[in-house]
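A closer look at the structure
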Amino acid sequence: MDNVIDFKIPVYKVLEKNPELKQLLVEAGFKPLMDQKMLHSVGRLVNLNQGVKKINISIGDLVTKLEWNGYEVKGVELK
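This text gives an overview of the structure that appears in the document. (Residues numbered from 1 in each chain as written. Predicted model: local features only at pLDDT ≥ 70, side-chain atom pairs only at ≥ 80, totals over all residues. Heavy atoms only, no water.)

When you go through the chain residue by residue, the secondary structure sums to five helices and two strands. Listing every helix and strand of the chain by position from the N terminus yields β-α-α-α-α-α-β. Computed over C-alpha atoms, the radius of gyration of the chain comes to 11 Å, within 12% of the 12 Å expected from 2.2 N^0.38 for 79 residues, which places it in the range of a compact globule. In terms of overall dimensions, the chain has C-alpha extents of about 30 × 30 × 20 Å along its principal axes. (Helix = DSSP H or I, 4+ residues; strand = E, 2+ residues; numbered from the N terminus. Rg over C-alpha atoms; globule rule 2.2 N^0.38 Å.)

It is worth spelling out the packing of aromatic side chains at this point. One pass over the full model with this rule turns up zero aromatic pairs. In this structure, Arg44 packs its charged tip against the face of Tyr12, placed 3.8 Å from the ring centre. (Phe/Tyr/Trp six-rings, centres within 6.5 Å; stacked < 30°, edge-to-face > 60°. Lys NZ or Arg CZ within 6 Å of the ring centre and 35° of its normal.)

Counting 21 residues, the largest nonpolar core has Ile5, Phe7, Leu21, Leu25, Leu33, Leu48 and Leu66 as the members making the most contacts within it. Secondary structure elements with two or more residues in this core: helix H1 (11-17), helix H2 (21-28), helix H4 (48-55) and helix H5 (59-68). In contact with Leu25, other than residues within four places in its own chain, are Leu15, Phe30, Leu33, Leu48 and Leu62. (Core = buried A, V, L, I, M, F, W, Y, C linked by side-chain atoms within 4.5 Å. Buried < 20%, exposed > 50% of the residue type's maximum accessible area, 1.4 Å probe, protein only. Contact = heavy atoms within 4.5 Å.)

Topologically, Asp6 is positioned in strand S1 (residues 4-6). For the buried Asp6, no salt bridge is present, and the opposite-charge side chain at shortest range is Lys74, 4.2 Å distant. Here the side chain of Asp6 touches Lys8 through a polar contact of 2.9 Å, landing on its backbone nitrogen. Filtering out sequence-adjacent residues up to four positions away, Asp6 remains in contact with Val14, Lys74 and Gly75. (Lys, Arg positive; Asp, Glu negative; His and termini not counted. Salt bridge = Lys/Arg side-chain N within 4 Å of Asp/Glu carboxyl O. Polar contact = N/O pair within 3.5 Å; in protein donor to acceptor, adjacent residues only side chain to side chain.)

Attention shifts here to H2. Inspection of H2 places Leu21, Leu24, Leu25 and Val26 among the buried residues, and these make up the whole buried set. Contacts made by the buried residues of H2 are with S1, H1, H4 and H5. A positive backbone phi angle near 130° is found at Gly29, which sits one or two residues after H2.

If you want it as structure tokens, here you go:
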């Protein structure tokens, strides 16, 4: 497992590299990831920074959840 999660790359690429992360993201609020069509279409275009804005969840909470689960995060846009 590569434990670095880059918030600037598309969600699809993040999950391709770390498939075990999907459940954590769904629990954090990324419910559209449960739909394979959404993952394969929108997930290829939207990165985690954009995703948290679209689904209106706290980027700080997501970062904390990922760090608590052993991931290092980079590329976070706090705007």
